[in-house]
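In case you want the letters, here they are:
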Amino acid sequence: DFVADPHLSVAEAQSRVQLLTSRQTAVLLKAIQGIPNKAIAREMQIAEGTVKAHLSVAFRTLGVRNRTEAVFAAARLGLKPLPFGQS
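In this report, we go over the structure that sits alongside the text.

Cut-offs applied
- Residues numbered from 1 in each chain as written.
- Predicted model: local features only at pLDDT ≥ 70, side-chain atom pairs only at ≥ 80, totals over all residues.
- Heavy atoms only, no water.
- Helix = DSSP H or I, 4+ residues; strand = E, 2+ residues; numbered from the N terminus.
- Buried < 20%, exposed > 50% of the residue type's maximum accessible area, 1.4 Å probe, protein only.
- Contact = heavy atoms within 4.5 Å.
- Salt bridge = Lys/Arg side-chain N within 4 Å of Asp/Glu carboxyl O.

## A few points about the environment of isoleucine 40
Moving on, step 1. You can see isoleucine 40 is positioned in helix 3 (residues 37-44).
Moving on, step 2. We classify isoleucine 40 as buried; its relative accessible area is 0%.
Moving on, step 3. Taking the C-alpha atoms as reference points, isoleucine 40 and lysine 30, 10 residues apart in sequence, are found 6.9 Å from one another.
Moving on, step 4. With near-sequence residues (within four places) excluded, isoleucine 40 lies in contact with Val27, Lys30, Ala31, Ile35, Val51 and Arg67.

## Quick look at unusual backbone geometry
Moving on, step 1. Phi at glutamine 45 takes a positive value of approximately 55°, unusual for a residue other than glycine.
Moving on, step 2. Examined against the element boundaries, glutamine 45 turns out to sit in the loop between helix 3 and helix 4 (48-62).
Moving on, step 3. For glutamine 45, a relative accessible area of 73% gives the class exposed.

## Comments concerning helix 2 (residues 22-32)
Moving on, step 1. Within helix 2, eight of the 11 residues are buried, leaving the element largely enclosed by the surrounding structure.
Moving on, step 2. By the burial criterion, the buried members of helix 2 are Gln24, Ala26, Val27, Leu28, Leu29, Lys30, Ala31 and Ile32.
Moving on, step 3. Looking at the packing, one finds that the buried side of helix 2 touches helix 3, helix 4 and helix 5 (67-77).

## Digging into the environment of valine 71
Moving on, step 1. Relative to the helices and strands, valine 71 resides in helix 5.
Moving on, step 2. For valine 71 and leucine 28, which are 43 residues apart along the polypeptide, the C-alpha to C-alpha distance reads 9.4 Å.

## Points about the pattern of salt bridges
Moving on, step 1. Per the counting criterion, the structure on display carries two salt bridges.
Moving on, step 2. A salt bridge links lysine 30 to glutamate 43; the shortest N-O distance between them is 2.7 Å. Note that lysine 30 is positioned in helix 2 and glutamate 43 in helix 3, a separation of 13 residues in sequence.
Moving on, step 3. Arginine 65 serves as the salt-bridge partner of glutamate 69, at 2.7 Å between the closest nitrogen and oxygen.
Moving on, step 4. Classification of glutamate 69 by relative accessible area gives partly exposed; the value is 22%.
Moving on, step 5. Judged by relative accessible area, which is 66%, arginine 65 ranks as exposed.

Dropping the structure here:
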């Protein structure tokens, strides 16, 4: 888990997060805001399976296993959730 790795700087972790596509990032930001997958899919006009796929890649990139860990990792990296209704 690179986020938990004390030898990896926040800057290095942030550069890895920048490898995410804009859609993966948008889905991640909505997820850490607590928006359910179904609502994210509806709002972004994508399939719920696509939301899950984007989150899987984002979680792997952050080195986390779930939304709760993603919230903490995102806070550490300075990622801010998007306002609801914004893609």
